[in-house]
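Each chain, letter by letter, is given below.
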Amino acid sequence: MANVGVMSTAAANLVRNSVVLASSLLFFMAVLAGCQPATSEGIKFGWFYRMVVELSHGGEPLNIEVIIGCGSQVRQIPGEGRSARAVWAPYLYGVRTKNGEGILVQSPNICDRELAKQPMPADFLPVVFWAPDAGNLEFMIAYLHEQAYAQPVAKLKFHKAAFTEVTKADYEAWVQTKWKDNIVPLGDRGDEYNKGQSFFRGAGFFPKGDPRNVETRRPSCHAMLRVPITGMLQDKIRERWPADKPRYWLIDGSTIFTLQNQYPDQLGGGVRSGAQWNREIPGSQPSFFRGTGVNRPSGLGHIEPVASAVASGQGLRIPYRVETGYPWASDRLFSQTTLDIDIDTANGADHGFAYCFRDMWIHYLVEHVPNGRARAVEQRFFIDGQLVATLPNALAVAPGAAIVEHDQYLWLSDLSPFPLTHELARMQ
């Protein structure tokens, strides 16, 4: 499979069987529908913060200034009384570099902080994205660990992020100037605030008939979490190691779920138990979408207020991409019997990156199949371009298994990858 330009290519995401996945998707769509306000008085921004993110790109300094608007939205959901909720915007803001690349930053959920009494951490690390083409954000690379910036493959260096409280006049001046440099495509502002529509949710940003217009086909950032195997868990893993002792091999999803329940302190366990590994729950959804920043091994880096809550960032993530992801997907997938998952580790790619793209697997492997069941394919796992394992007759979204590295590490994909939308943070 072709190299995507920055890293050799990627794989991995633990998965469920088709029945469980189908029911989960139906539940997810129902939740989305329930979150849409029946009526709305729009967003009323009342207080504001300036964020300045200092980076280096191509050896040159690059400062990105964002003024975050905080406010409330009055809404009424059918069957409930009128209510108000806090929102912040922009959720993502990006600029074009001199060579046409794009760099985006995620705004933190800062709106309940009085900085004089509760300053932001001096080492706060926002989620930052690099796009090879500022005019096409269908593929980006997310920096999800402080070590990512130190790798040979990195396009960026992070220096610091600074925050101050500002006035409405400052915000309006920014909207009239730097706001216009934002590379995130803009749609109808009313639909965005009232219906939650945005480029990253699709719904009208693409030509008629384009499957990306379906709201649930949102871009997400895909990676595997590299979790050490120790103690009794290591003994259980070794029992399954194939006789020829390959460096990379597969464990199916159902076995991993069983092991997570047996060894929650090492594999995170379920959300209900609250067991965590380095404030991560492997195989669950990372916390990056909440706008709380990246948990830094060397310090703090984030603003998650609850010490027992998930605060992702200390675990190293390994990026992957899959053939059903846009922009690589095409109509060949309607009949293709194999599905490639590409994972990148070379030049430090396995030190905290994720590939952000729109996975269209439902369109290619489910929608056009009788009875609406996923069509079985052979999932092929490539690491740095080399085929390392196959999963025959896979009925789940790829990757349908975890990767084991020797008997030392499990590579566990996020059951629900980090999405580029947030229901309480309107995109623009």
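Preceding block: the structure.
This text gives an overview of the structure that appears in the document. Model, not experiment: these values are computed from the prediction.

## Here we look at the overall build of the protein chain
Within the protein chain, the secondary structure is distributed over seven helices and 19 strands. The burial tally for the protein chain puts 56% of its 428 residues in the buried class. Counting only contacts in the protein chain whose residues sit at least 6 apart along the sequence, the fraction spanning at least 24 positions is 71%. Roughly 17,700 Å² of accessible area belongs to the protein chain as shown, and the carbon and sulfur atoms make up 52% of that amount.

## A word on the nonpolar core
Ranked by size, the top nonpolar core spans 100 residues in total, and within it Phe129, Leu137, Met140, Tyr143, Phe200, Phe418 and Leu420 carry the most contacts. Counting residues in each nonpolar core, the second largest holds 17 residues, with Trp241, Leu259, Leu267 and Val404 among its members.

## Quick notes on the state of the cysteines
Counted under the stated rule, the structure contains two disulfides. Across the disulfide, Cys70 is cross-linked to Cys111 (sulfur-sulfur distance 1.9 Å). With the S-S bond torsion at -75 degrees, the cross-link from Cys70 to Cys111 turns out left-handed. Placement of the pair is Cys70 in strand 2 (residues 60–76) and Cys111 in the loop between strand 5 (102–106) and strand 6 (128–131), with a sequence separation of 41 residues. Each member of the pair, Cys70 together with Cys111, is buried. Between the sulfur atoms of Cys221 and its disulfide mate Cys356 the distance is 2.1 Å. Taking the sign of the torsion about the S-S bond as the criterion, the disulfide between Cys221 and Cys356, at about 100 degrees, is right-handed. In this pair, Cys221 is assigned in strand 9 (residues 220–228) and Cys356 in strand 14 (residues 353–359), connecting sequence segments 135 residues apart.

## Comments concerning helix 5 (residues 253–262)
Within the span of helix 5, buried status applies to Gly253, Thr255, Ile256, Leu259 and Gln260. Take helix 5 and look down its axis: the buried residues cluster within an arc of 155 degrees, on one side only. Seen from the buried face of helix 5, the exposed residues on the opposite side, beyond 90 degrees, are Ser254 and Asn261. Where helix 5 is buried, its residues contact helix 4 (231–238), strand 10 (248–252), helix 6 (264–267), strand 17 (401–405) and strand 18 (409–413).

## Some details on the pairing of strand 16 (residues 386–394)
Two strands pair when backbone bridges link them, and strand 15 (residues 377–383) and strand 16 are joined in this way by six bridges, in the antiparallel orientation. Looking at strand 16, one finds that Ile383 is bridged to Gln386. Hairpin connection, strand 15 to strand 16: the antiparallel pair is bridged by two residues, and Asp384 has positive phi, about 50 degrees.

## Structural notes on the side chain of Arg212
Take Arg212: it is sitting in the loop between helix 3 (189–195) and strand 9. The exposure class assigned to Arg212 is buried, which follows from its relative accessible area of 8%. Of the polar contacts made by the side chain of Arg212, one reaches the side chain of Tyr326; its length is 3.3 Å. Non-local contacts of Arg212, meaning those with residues more than four positions away in its chain, are made with Glu138, Gly202, Ala203, Phe206, Arg217, Tyr326, Arg358 and Met360.

## Thoughts on the packing of aromatic side chains
Considering all chains together, one arrives at 21 aromatic pairs under this definition. When the centroid spacing of 6.1 Å and the interplanar angle of 50 degrees are considered together, the rings of Phe45 and Tyr171 count as tilted. A residue pair is termed long-range when its members are at least 10 positions apart, and Phe45 in strand 1 (residues 39–57) and Tyr171 in helix 2 (residues 168–176) qualify at 126 residues. The exposure class of Tyr171 is buried, given its relative accessible area of 11%. Here the aromatic rings of Tyr143 and Phe353 are separated by 5.0 Å at their centres, their planes lie at 70 degrees, and the arrangement is edge-to-face. Separated by 210 residues along the polypeptide, Tyr143 in strand 7 (residues 140–143) and Phe353 in strand 14 bring together distant segments of the chain. An aromatic cluster is built from Phe45, Phe48, Tyr93, Tyr171, Trp174 and Trp179, whose rings are joined through pairwise contacts. When the ring centre of Tyr409 is taken as reference, the NZ or CZ atom of Arg226 above it lies at 3.7 Å.

## Observations concerning the pattern of salt bridges
Following the criterion strictly, the structure yields 17 salt bridges and no others. The partner of Glu65 in a salt bridge is Arg50, with the nearest N and O atoms 2.6 Å apart. With Glu65 in strand 2 and Arg50 in strand 1, this pair connects stretches of sequence that are 15 residues apart. Taking relative accessible area as the criterion, Arg50 reaches 23% and is therefore assigned partly exposed. One salt bridge in this structure joins Glu367 and Arg217, with 2.1 Å as the shortest N-O distance. Here Glu367 is found in the loop between helix 7 (361–365) and strand 15, whereas its partner Arg217 is found in the loop between helix 3 and strand 9, with 150 residues between them in sequence. Relative accessible area serves as the criterion here: at 44%, Glu367 is assigned to the partly exposed category.

## What to know about the environment of Val294
Structurally, Val294 is set in the loop between helix 6 and strand 11 (317–322). Apart from the residues within four sequence positions on either side, Val294 is in contact with Leu125, Pro126, Val127, Tyr143, Leu144, His145, Phe288, Leu300, Gly301, His302, Ser312 and Gly313.

## Some thoughts on unusual backbone geometry
At the junction of Ala89 and Pro90, the peptide bond is cis and its omega measures out at 0 degrees in the coordinates. Along the chain, the position of Pro90 falls in the loop between strand 3 (82–89) and strand 4 (92–96). A cis geometry characterises the amide bond from Tyr326 onward to Pro327, with omega recorded as 20 degrees. Structurally, Pro327 is set in the loop between strand 12 (325–326) and strand 13 (338–343). The backbone of Arg279 shows a phi angle near 65 degrees, a positive value even though the residue is not glycine. Along the chain, Arg279 turns up in the loop between helix 6 and strand 11. Backbone geometry places Asp384, a non-glycine residue, at a positive phi of 50 degrees.

Rules used in this analysis
Residues numbered from 1 in each chain as written. Predicted model: local features only at pLDDT ≥ 70, side-chain atom pairs only at ≥ 80, totals over all residues. Heavy atoms only, no water. Helix = DSSP H or I, 4+ residues; strand = E, 2+ residues; numbered from the N terminus. Buried < 20%, exposed > 50% of the residue type's maximum accessible area, 1.4 Å probe, protein only. Contact = heavy atoms within 4.5 Å. Areas by Shrake-Rupley, 256 points an atom, 1.4 Å probe, with all protein chains shown as cover. Core = buried A, V, L, I, M, F, W, Y, C linked by side-chain atoms within 4.5 Å. Disulfide = S-S within 2.5 Å. Arc of directions from axis to C-beta. Pairing = 2+ DSSP bridges. Polar contact = N/O pair within 3.5 Å; in protein donor to acceptor, adjacent residues only side chain to side chain. Phe/Tyr/Trp six-rings, centres within 6.5 Å; stacked < 30°, edge-to-face > 60°. Lys NZ or Arg CZ within 6 Å of the ring centre and 35° of its normal. Salt bridge = Lys/Arg side-chain N within 4 Å of Asp/Glu carboxyl O.

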